[in-house]
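Results of the structural survey
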Amino acid sequence: MEELKFDVVIVGGGPAGLSCGITLAKAGIRALLIERGRFCGAKNLFGGVVYTKSVKELVPEFPNVEPSPVERPVTEEGYYIVSSEGLVKLLHRKKDPHEAFTATRARFDSFLAEYALKLGLEIAPKTKVLDLLKEGQRIKGVIVDRPRAFGDPRPTEIPANIVVIAEGVNRVLTEKAGLIGRPFGAEDVALAVKEIIQLPKGALEARLGLAEGQGLAVEIIGDITACLPGTGFIYTNRNHLSFGLGLFLSNLRESAFKPYELLERAKNHPHLRELFKDGEILEYGAHLIPEWGLEGLPRLYGDGVLVVGDSAGLVNPLFREGTNLAIYSGIMAGKTIIEAFEKGDFSSRTLKAYEAQLRESFIYQDLITLKKLKKHLFTNIHLFKTYPELLYDTISLFFSAQGRPKREVMREIFELIRKKRGFLGIVGDLIKVGRALW
Amino acid sequence: MVKDIYVNIDEKISSVKFFVDEEYCHLKIKSEEVCLNCERKPCLSFCPAGVYRLDSNGKILINYQACLECGSCRVGCPFNNILWDYPRGGFGLNYKFG
Ligand SMILES: Cc1cc2nc3c(=O)[nH]c(=O)nc-3n(C[C@H](O)[C@H](O)[C@H](O)COP(=O)(O)OP(=O)(O)OC[C@H]3O[C@@H](n4cnc5c(N)ncnc54)[C@H](O)[C@@H]3O)c2cc1C
Ligand code: SF4
Ligand code: SF4
C-alpha cells in the first residue's frame, strides 16, 4: 500500500461500521472502512431479523431494491414454549408485514457494502487491523496486516483524524484504545450456534402453515436449551430455515454440554422433530452476543476515537434487537464526525456529543430497563424450566376437561400451580418484572 | 456430553467454507503445564467447532483450521491460558449465509 491518509478510518464492515460509512460518504467525508473478511458479511452471523425502519435510514428505497438483500417479510412472530411433555405456541399475526424481514448476514452486509461503495465509501476487505496508532492518549490511525511495500514486510500504518471502532463483540481494539473498565468474562456473553437447514420442497410452507411471501420469527423457551438460561430460535428464509440456540457461555461451560450436541438435542425434541424431518444442513456457524449491558458499557469516545454497535454492547436480547441499534449508533457517530469536521476539532470535547446523543435515545433507555429485567429473568431458573412445564400442563388440563366437572379441573389447575411454583412465587416474579419495565 | 446425543462435529464443520492460513496458527496455548493441571478442561466442550482436542498423552491439540472465530475460548478458558487472535485478513471462516 502507498502512503495513505484518510479523514476517517472505520474498523469493521458489519451494520455499525457500514452505517457510519454511509453517513460519512453522503456528507462527502473521505472514509476508509477496513474489514478482515473477504467481503463484508463473510465473518458475520445472526438469527435473524432486520428492521425496515432502521435500514430505511440508510437506504430510503428499502425494501424495494433488486436483487433483494432479505429473505421473507416477518408476517407472524412469537414464542414456542417447550416442556418435556409438549409445546405451547404463542403467535401473533403482524399488522404491518413489512416492518421486519428475515435475512442472512453474508448477503445483507454485502448489500450494505455495495450501497456504500456507490456512495463513495472506500472499503478495504481481506485486511485486519492489528493495532491503533497512538500519540499519548490520542488515537491517530490504525496499523493493518498488509506489508508496507513490496520487499518491506512491516505492517502498514494508516493515519486518520478519527478512528471508528466497529469491530463487533470481540472488542480487542476497544480495549487497546483504553476505553473499557474491565474485560468481559464468560458470564457477559451468550454463545449462539446456528444451522441453515434446507427442507424438502414445499415442506417449509406446509409444516409452518405459511404461504409464499409469508415468514415466521419464533423464539423458543424451555426444555429446548435443556433448561439452561437461554433461548432457541426459528426464522424462515426463502428456501431454508435458520435454527439455533443462544446460551450464556458461563452456564454452558458449567454444564459441560457441547453446544452442537444441545443443538442436535433441540432438533430432535419430540415436539419439534417433525419440522426438521429430512432437512439438509447447508451451513453451521457460531457467534457471540454481548450481554454485558450497561455495566459493561465502554466509554464510547476518546480523543480521535468512537465506539459503535456490538463493540459497545448495544443489543437487546429480549426484543431481538442488534442490527438496528448498530445502525442507529453508526449513524449517530457519523453525524458527530461530520460536526467534528465542521469545527476542525477531533478531540473528545467534540466527540462526546455522540455519547450524549446515544444517552438521549431509546437505546440507552432500553439498556437501563434491560439491566433491571435481566437480573430477574436470566437468573430465574423458573423461567426456563418451571414456567414452560406449568404452562403446558395447565393448558393441557384445560383442553382435556371434557366430561368432567369444570370446578374439579380448575381446582386441579390451581393445585398444579401451587405445587410447581406457588402463587406467591409467581406474583413475586411478576412484580419484579413489572418493576423493571415500569 | 448431552445424553444419548452424538454429533460428528467434523462433518458439521465441513458445511462451512474456510480459506485456511497454512502459515499462521492464530490460536496458541500459553502454558502447556497450566492445561495439564486444568482439571475440567472446559475448552474441550464449549468450543462450538471442537477445535480443542486431547492427544493420547493428555496434551491439548488445537485444530485451528476449523475455528469459527467466535471468541468463546478467549474468555471461556478459566485460566486465561489461550493466546487468542483472529486469522490474518482474508483467511479463515467465510460464511455463505451467516
Ligand atoms: C445468534 C444471533 C442472533 C441475532 N439475531 C438478531 C436479530 O434477529 N436481529 C437483530 O437485529 N440482531 C440480531 N443479532 C445481533 C446483531 O447481529 C448484532 O448486534 C450486529 O451484527 C452488530 O453489528 P456490528 O456491526 O456492531 O458488529 P458485527 O456485525 O459483528 O461486525 C463487526 C465486523 O468487524 C470486523 N472486524 C472485527 N475485528 C476486525 C479487525 N481487527 N480488523 C478488521 N475487521 C474487523 C468483523 O469481521 C465484522 O465484519 C443477533 C446476533 C447473534 C449472534
Ligand atoms: S480450559 Fe484453558 S487451561 Fe483448561 S485445558 Fe483448556 S486451554 Fe488449557
Ligand atoms: S474462537 Fe470459538 S470456534 Fe475458535 S477455537 Fe475459540 S471457541 Fe472455538
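Shown above is the structure to which this text applies.
Below you will find a few notes about this structure. As the structure is a computational prediction, the values presented were derived from the model and not from experiment.

Definitions and cut-offs
- Here the residue numbers are simple positions, counted from 1 along each chain's written sequence.
- Both sets of labels track the order of writing: A upward for chains, 1 upward for ligands.
- In keeping with the model being predicted, local features are shown solely for residues with a pLDDT of at least 70 and side-chain atom pairs are shown and tallied solely at 80 or more, while totals for entire chains, interfaces and linings include all residues.
- Values shown for side chains rest on all heavy atoms present in the structure; no hydrogens or waters enter the calculation.
- Only DSSP runs of H or I covering at least 4 residues are called helices, and only runs of E covering at least 2 are called strands; the numbering of each starts at the N terminus.
- Per-residue accessibility, obtained with a 1.4 Å probe over protein chains only, is compared with the maximum for each type, and a residue is labelled buried under 20%, exposed over 50%, and partly exposed between these values.
- Should any heavy atoms of two residues lie within 4.5 Å, those residues are considered in contact.
- Being paired, for any two strands, means DSSP has found at least two bridges between them.
- Consider each residue's heavy atoms; a residue with any of them within 4 Å of a molecule or strand counts as near.
- For this classification, the nonpolar set comprises Ala, Val, Leu, Ile, Met, Phe, Trp, Tyr, Cys and Pro, the charged set comprises Asp, Glu, Lys and Arg, and every other residue, Gly included, is treated as polar.
- Here an angle of 0 to 180 degrees is reported between the N-to-C directions of two axes, which are lines fitted to C-alpha atoms, with helices fitted over the stretch in contact.
- Side-chain atoms within 4.5 Å link the members of a nonpolar core, which is a set of buried Ala, Val, Leu, Ile, Met, Phe, Trp, Tyr and Cys residues.
- Cavities and pockets were defined on a 1 Å grid built from protein atoms only: a cavity is a group of points that admits a 1.4 Å probe but offers it no way out, a pocket is an open group of points flanked by protein on both sides within 12 Å along at least five of seven lines, and a lining residue is one with an atom within 4 Å of any such point.
- Grid points are joined across faces, edges and corners, and a volume is the space filled by probe spheres set on the points.
- Note on terms: buried area is the combined drop in 1.4 Å-probe accessible area of two parts once they are placed together, counting the loss on both.
- The working definition used for a salt bridge is a side-chain nitrogen of Lys or Arg within 4 Å of a carboxyl oxygen of Asp or Glu.
- Identification of polar contacts relies on pairs of N or O atoms within 3.5 Å, with a donor-acceptor requirement for protein atoms, meaning one able to donate a hydrogen and the other able to accept it, and with residues adjacent in sequence counted only if both atoms are side-chain atoms.
- Aromatic pairs are defined between Phe, Tyr and Trp rings, using the six-membered ring for Trp, whenever the two ring centres lie within 6.5 Å; interplanar angles under 30 degrees are classed as stacked, those over 60 as edge-to-face, and all others as tilted.

Before going further, it helps to examine the side chain of A:N161. Residues and elements named next belong to chain A. Tracing the backbone shows N161 in strand β10 (residues 152-165). Accessibility expressed as a relative area gives 18% for N161, which makes it buried. Residue contacts for N161: discarding those within four places in its chain leaves K5, F6, D7, R138, I139, G304, F341 and F346.

Residue and element names in this part refer to chain A. With six of its seven residues buried, strand β13 (residues 230-236) lies for the most part within the structure. Judged from the four bridges that link them, strand β12 (residues 216-222) and β13 form a sheet pairing that is antiparallel. Across the sheet, V218 pairs through a bridge with I234, a residue of β13. Examined bridge by bridge, β13 and strand β14 (residues 241-248) share seven bridges and lie antiparallel to one another. The partner of G230 across the bridge, within β14, is L247.

What surrounds ligand 3 is a group of 14 residues, the closest being B:C47, B:C67, B:C70, B:G71 and B:C73. Classifying every residue of the shell around ligand 3 gives 11 nonpolar, two polar and one charged.

As a further point, take the packing of helix α10 (residues 348-360) of chain A against helix α11 (residues 362-377) of chain A. Residue and element names in this part refer to chain A. Contact geometry of α10 with α11 gives a least axis separation of 4 Å together with a crossing angle of 65°. Contacts between α10 and α11 involve L358, R359 and E360 on the former and, on the latter, F362, I363, Y364 and Q365. Looking at the contact of α10 with α11 residue by residue, the class counts come to four nonpolar, one polar and two charged.

By size, the foremost hydrophobic cluster in this structure holds 76 residues, and its most contacted members are A:V8, A:I10, A:V142 and A:I158. Tallying contributions element by element places helix α9 (residues 323-343) of chain A first for this core, with nine residues. With residues up to four places along the chain from it excluded, the contact list for A:V8 reads A:L24, A:I29, A:R30, A:A31, A:L32, A:A160, A:I162, A:V164, A:I337 and A:F341. One finds A:A286, B:I5, B:V16 and B:C70 within the second-largest nonpolar core, a separate group that totals 67 residues.

A few words now on empty space enclosed by the protein. All names here are of chain B. Taken as a whole and assessed by the stated rule, the structure comprises four cavities of 30 Å³ or more. Taken as a whole, the largest cavity holds about 100 Å³ of empty space. Taken together, 14 residues form the lining of the largest cavity, with C35, C38, K41, C43 and C77 sitting closest to its centre. Counting only elements with at least two residues in the lining of the largest cavity, the list comes to α2 (32-37) and α3 (43-46). Partitioned by chemical class, the residues of the lining of the largest cavity number 12 nonpolar, one polar and one charged.

Turning our attention to the interface of chain A and chain B. On the chain B side, the residues contacting the 52 residues of chain A number 43 residues. A combined buried area of about 4,100 Å² lies between chain A and chain B, and 55% of that area is made up of carbon and sulfur atoms. Our enumeration of links across chain A and chain B arrives at six salt bridges. Measuring nitrogen to oxygen at the nearest pair gives 3.1 Å for the salt bridge that ties B:D85 to A:K128. Taken together, the links from chain A to chain B amount to 28 residue pairs in polar contact (both at pLDDT 80 or more). Contributions of two or more residues to the side of chain A that touches chain B are made by α3 (105-119), α4 (172-176), β11 (189-198), α6 (249-255), α7 (259-267) and β15 (280-290) of chain A. Classifying every residue of the side of chain A that touches chain B gives 24 nonpolar, nine polar and 19 charged.

Turning our attention to unusual backbone geometry. Between A:F62 and A:P63 the backbone carries a cis peptide bond, its omega angle lying at 5°. Residue position: A:P63 is located in the loop between α2 (52-58) and β4 (76-82). A cis amide bond links A:E66 to the next residue, A:P67, at an omega of -10°. Structurally, A:P67 is set in the loop between α2 and β4. The backbone phi angle of A:A226 is positive, close to 55°, even though this residue is not glycine. Within the element layout of this structure, A:A226 appears in the loop between β12 and β13. One non-glycine residue, B:E69, adopts positive backbone phi at about 60°. You can see B:E69 is positioned in the loop between β4 (60-62) and α4 (72-76). Residue B:E69 is classed as buried on the basis of its relative accessible area of 6%.

Moving on to the packing of aromatic side chains. Residue and element names in this part refer to chain A. Evaluated as defined, the whole model comprises 10 aromatic pairs over all chains. Considering the side-chain rings of F184 and W292, the 4.9 Å spacing of their centres and the 25° angle between planes classify their relative orientation as stacked. Taken together, the residues F184 in the loop between α4 and β11 and W292 in the loop between β15 and β16 (301-302) connect sequence positions 108 residues apart. You'll find F184 and W292 in the same group, each marked buried.

All names here are of chain A. Taken as a whole and judged by the stated rule, the model has 34 salt bridges over all chains. Its salt-bridge partner being R105, residue D109 comes within 2.9 Å of it at the nearest N-O pair. In this pair, D109 and R105 are both assigned in helix α3, four residues apart and thus about one turn of the helix distant. In this structure, R404 and E412 form a salt bridge, with 2.5 Å as the shortest nitrogen-oxygen distance. Judged by relative accessible area, E412 falls into the partly exposed class, the value being 34%. Among the ionic contacts, a cluster of salt bridges with common partners joins E77, K94, E99, E219 and R320.

The quantities given are spatial measurements derived from coordinates; they are silent on function.
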